[in-house]
Amino acid sequence: MSTIQALILGIIQGLTEYLPVSSSGHLEIGHTLLGISGDDNLMFEVTVHVATVLSTLVVLWSEIAWLFKGVFTTDGWKVAEWNYEKHYAAKICVSMIPVFIVGMFFEDYVDDFFGSKLLIVGICLLVTAALLAFSYFAKPRQKENISYWDAFIIGIAQAVAVLPGISRSGSTIATGILLGNKKESVAQFSFLMVIIPILGKALLESIKIFKGEFETGIPTMSLIVGFLAAFISGCLACKAMLYIVKKGKLVWFAVYCAIIGCVAIMYNV
């Protein structure tokens, strides 16, 4: 992988991790257009995913600090005495249950069954487009707080996003909106709930690399460039997405996903 290729793929990962257009689908499209094979690029994927998590920590630092401060207060550890922050953290944990189950027991099966062919990517992008459009036109009654049940359903949407072309941020935010939650609350929850799963996946994949199950074969400079590109573009995309959700402009991403999905399907045909 050359430095230019790493720069392009890093930017793609950083932007599409937060914009509701599917980072996995766009990375697969990028790999295909750049002529890069997949298996020997696991280290690069781990690197850019960690970069995007760090961009989340930077952009949402005040919210994360508020959450930690509230969770680690010395009093009120009985469930009946929990403060808002403890309940919020618990809801994030609940949201991670589906993706944990899929990641531990079904991810390899999903990868083998669906693969990462552009046909699958295109179809899943059309599904993402439909979900975004539906959430835009639906007008559910807005609730003040995300419930535990809502958190679990949003977590299922995140687990489904293991399919290449299903946007994680798009599916979780759209699902939260359809459940009647406020757009700003859902966007923040969506970005916070992904931190631990991505870091956990990166850790597991790093262990595989160190065990020699995968070849790294990527120059150090390419990893550095990809990391910086994903981090900087991730910061910009995360801030932009929070603003876009507030303004309710997700329908334009539905149009984009529909177009790219059709192009990917026709390219594969």
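Residues numbered from 1 in each chain as written. Predicted model: local features only at pLDDT ≥ 70, side-chain atom pairs only at ≥ 80, totals over all residues. Heavy atoms only, no water.

A. Looking closely at the nonpolar core. Of all hydrophobic cores here, the largest spans 44 residues; its most connected members are Ile-173, Phe-189, Met-241 and Leu-250. With residues up to four places along the chain from it excluded, the contact list for Ile-173 reads Val-186, Ala-187, Ser-190, Met-241, Val-245 and Leu-250. If you look at the next biggest cluster of nonpolar residues, it comprises 13 residues, including Leu-9, Ile-12, Phe-44 and Ala-230. (Core = buried A, V, L, I, M, F, W, Y, C linked by side-chain atoms within 4.5 Å. Buried < 20%, exposed > 50% of the residue type's maximum accessible area, 1.4 Å probe, protein only. Contact = heavy atoms within 4.5 Å.)

B. Molecular detail of the layout of surface pockets. Of the volumes computed, that of the second largest pocket is approximately 280 Å³. Lining the second largest pocket we find Leu-57, Ile-64, Leu-67, Phe-68, Val-71, Phe-72, Ala-89, Ile-92, Cys-93, Leu-192, Ile-195 and Ile-196. Among the secondary structure elements, those contributing two or more residues to the lining of the second largest pocket are helix H4 (61-71), helix H5 (84-105) and helix H11 (195-210). Looking at the lining of the second largest pocket, the element that brings in the most residues is H4, giving 4 residues. Among the residues forming the lining of the second largest pocket, the class breakdown is 12 nonpolar, no polar and no charged. (1 Å grid on protein atoms, 1.4 Å probe; cavity = no way out; pocket = protein on both sides within 12 Å on 5 of 7 lines; lining within 4 Å. Points joined across faces, edges and corners; volume = space filled by probe spheres on them. Helix = DSSP H or I, 4+ residues; strand = E, 2+ residues; numbered from the N terminus. Nonpolar A, V, L, I, M, F, W, Y, C, P; charged D, E, K, R; others polar.)

C. Molecular detail of the side chain of Glu-17. Note that Glu-17 resides in helix H1 (residues 3-18). According to the relative accessible area criterion, Glu-17 is buried, its value standing at 6%. Only 3.0 Å separates the side chain of Glu-17 from the side chain of Gln-13, close enough to count as a polar contact. Not counting the four nearest positions on each side in its chain, Glu-17 is found in contact with Ser-23, His-49, Thr-52, Arg-168, Ser-169, Val-194 and Ile-198. (Polar contact = N/O pair within 3.5 Å; in protein donor to acceptor, adjacent residues only side chain to side chain.)

D. Main features of the packing of aromatic side chains. In the structure shown here, the tally under the stated rule is 6 aromatic pairs. Centre to centre, the rings of Trp-66 and Tyr-84 are 5.9 Å apart; their planes meet at 40°, and the pair counts as tilted. One end of the pair, Trp-66, is in helix H4; the other, Tyr-84, is in helix H5, with 18 residues separating them in the sequence. Its relative accessible area of 41% is what places Tyr-84 among the partly exposed residues. Both rings, one in Trp-66 and one in Tyr-88, keep their centres 5.7 Å apart while their planes meet at 70°; by these two values the pair is edge-to-face. Placement of the pair is Trp-66 in helix H4 and Tyr-88 in helix H5, with a sequence separation of 22 residues. (Phe/Tyr/Trp six-rings, centres within 6.5 Å; stacked < 30°, edge-to-face > 60°.)

E. A look at the pattern of salt bridges. Under the defined criterion, the tally for this structure stands at 1 salt bridge. Here Glu-17 makes a salt bridge to Arg-168, at a shortest N to O gap of 3.5 Å. Highlighted residues: Glu-17 in helix H1 and Arg-168 in helix H9 (residues 168-178), separated in sequence by 151 residues. Residue Glu-17 shares its accessibility class with Arg-168, and that shared class is buried. (Salt bridge = Lys/Arg side-chain N within 4 Å of Asp/Glu carboxyl O.)

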